[in-house]
Amino acid sequence: MDLGVRWKLHGDGRTPAPGAVVRPDERLSWPRTFGLGAQHVVAMFGASFVAPVLMGLDPNLAIMMSGVATVIFLLATRGRVPSYLGCSLSFVGVAAVIRAQGGSSATVTGAVFVVGAALFLVGLAVQKFGARVIHAAMPPIVTGAVVMLIGFNLAPVTASTYWPQDQWTALLVMLFTGLAVVCLRGFWSRIAIFLGLIFGYGISWVLDQVLGKIHSADGSGKVVDHWRLDLSAVGRADWIGLPSFHAPSFEWSAILVALPVVIALIAENAGHVKAVGEMTGDDLDDKLGTAISADGAASMLSTAVGGPPNTTYSENIGVMAATRVYSTAAYWAAACFALLFGLCPKFGAVVAAIPGGVLGGITVILYGMIGLLGAQIWINAKVDLRNPLNLVPAAAGIIIGVGGVSLKFTDNFELSGIALGTIVVITGYHVLRAFAPPHLKTQEPLLDAGTSTYDEKSESRSDGAR
């Protein structure tokens, strides 16, 4: 059985000829391959360790399981779809809602485990019936609206939790990160979030030295005097050790909040597989269902041990576009590096010490970008918002999701925010379509042909919904 773990040496194994590409089943020399793997780790680093921190999960375990997830994905797709699976940012809002309802880390991972199972089943359905089954249930107007409400639902988290901890640091980090995203070129623009975090660490340390402690809300919400950057836990952490594991816990209220995110993950996977196919020149439509199932299986494994869910990363797709090296050997190298990082508790302590003000500046941009990916889906699919069949369910669902509107059924069960907004978008669209006059039922592009594609000439691209 071909598992895609054998590679031909490309040319002399050094620098590809001008205009040449290193295909997925080829590799450069092993030192260069490991160098490219390290570059892929840096590209995924920003979002992959910010996401678990925002979700309240162990960043060491998140990084380690991203390596495991990438290995599962590469084996499942037989090395035909070069992609890195990192921690998905699409679940950050879900985790915040679950915790606000009194849920623990186990409740969060249990809810996300169910989403991973749902994604796995969707992948099997796509393998059997083709991508049209996705479009039938979730046309671009629905997918875009759900992605948008998931992102914008996060706004109160930034406004009430992170920004108040140090508003001036948050403002400086926001401005720096925005400049990095817009003004830097190529690879550097793709790690703008990571650079923003480094800048935030630096400015927080400088302010502590110059101004002393700040009197503001700390991570628990209490207004006290505290250091912006507290690295005391880093000195106590070991260099080598296992991350903390825990079993998931399943609660229906949390599961219902999390399930809508599966729509964002389907759209994300479809867009990424299409993008990789365009870059490599391979027709990967037959691998779409496999890729979705592999993502679901990897997320189930990660959350089963207490880690976050995973998704394909466009930051790493950007690295491929910049280097024109599509070798899956580089992704195996990246996965090995991630596993090693996960076994270093001192690294996790550094991540956990990210100042709240720094997260405030980062998340202002990051959460907005996640939401606007929904608008990008609409634009690429040429969704006509002048059509009331599209406009009405999307408008209602987004306001419900962003505003936190709730619908109470009993004293112990209610739907609100993301879950209720998603239900309104999906059911509203299909019910209205059933009764709409024929002239409003325009044919829209298929999801796997209508989601975002990657422009090799583009100098900046960002992933939000992981």
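The rules behind each value
- Residues numbered from 1 in each chain as written.
- Predicted model: local features only at pLDDT ≥ 70, side-chain atom pairs only at ≥ 80, totals over all residues.
- Heavy atoms only, no water.
- Helix = DSSP H or I, 4+ residues; strand = E, 2+ residues; numbered from the N terminus.
- Expected span 1.5 Å × (residues − 1).
- Contact = heavy atoms within 4.5 Å.
- Salt bridge = Lys/Arg side-chain N within 4 Å of Asp/Glu carboxyl O.
- Buried < 20%, exposed > 50% of the residue type's maximum accessible area, 1.4 Å probe, protein only.
- Phe/Tyr/Trp six-rings, centres within 6.5 Å; stacked < 30°, edge-to-face > 60°.
- Lys NZ or Arg CZ within 6 Å of the ring centre and 35° of its normal.
- Core = buried A, V, L, I, M, F, W, Y, C linked by side-chain atoms within 4.5 Å.

A. Seen up close, helix α14 (residues 288–304). A rise of 1.5 Å per residue sets the reference length of α14, with its 17 residues, at 24 Å; its end C-alpha atoms lie 24 Å apart and thus fit the reference within 8%. Positive backbone phi, at 100°, marks Gly-306, one or two positions downstream of α14.

B. Representation of the environment of Ala-294 within the structure. Residue placement: Ala-294 occurs in helix α14. Sequence spacing of Ala-294 and Thr-70 is 224 residues, and the spatial spacing of their C-alpha atoms is 9.3 Å. What Ala-294 contacts, discounting residues up to four positions off in sequence, is Ile-72, Phe-73 and Ala-76.

C. Geometry of the pattern of salt bridges. Under the criterion given, the structure shown has 5 salt bridges. Linking Asp-208 and Arg-228 is a salt bridge whose minimum nitrogen-to-oxygen distance equals 3.1 Å. Here Asp-208 is found in helix α10 (residues 192–211), whereas its partner Arg-228 is found in the loop between β5 (223–226) and α11 (232–236), with 20 residues between them in sequence. Exposure class is identical for Asp-208 and Arg-228. Each is buried. Residue Asp-384 pairs with Arg-386 through a salt bridge whose shortest N-O separation is 3.0 Å. Take Asp-384: its relative accessible area is 30%, and that puts it in the partly exposed class.

D. How the structure looks around the packing of aromatic side chains. This model, assessed by the stated rule, comprises 5 aromatic pairs. With a centroid separation of 6.0 Å and an interplanar angle of 85°, the aromatic rings of Trp-7 and Trp-30 are classed as edge-to-face. Taken together, the positions of Trp-7 in the segment before β1 (8–9) and Trp-30 in helix α1 (residues 30–55) put the pair 23 residues apart, joining distant regions of the chain. Aromatic side chains Phe-176 and Phe-199 sit 4.3 Å apart centroid to centroid with 5° between the ring planes, which places their arrangement in the stacked category. Highlighted residues: Phe-176 in helix α8 (residues 167–183) and Phe-199 in helix α10, separated in sequence by 23 residues. Since its relative accessible area comes to 30%, Phe-176 is described here as partly exposed. Taking relative accessible area as the criterion, Phe-199 reaches 25% and is therefore assigned partly exposed. Three or more aromatic residues joined by ring pairs make a cluster, and in this case those are Trp-7, Trp-30, Phe-34 and Phe-337. Looking at Lys-128, its charged tip hangs above the ring of Phe-129, at a distance of 5.7 Å from the centre.

E. Expanded view of the nonpolar core. The biggest cluster of nonpolar side chains holds 101 residues, and the ones touching the most others in it are Phe-49, Met-55, Ile-354, Tyr-367 and Trp-378. Residues in contact with Tyr-367, not counting those within four places in the same chain, are Leu-54, Val-92, Gly-151, Leu-154, Val-157, Thr-158 and Tyr-162. If you look at the next biggest cluster of nonpolar residues, it comprises 5 residues, including Val-22, Leu-36, Val-325 and Ala-330.

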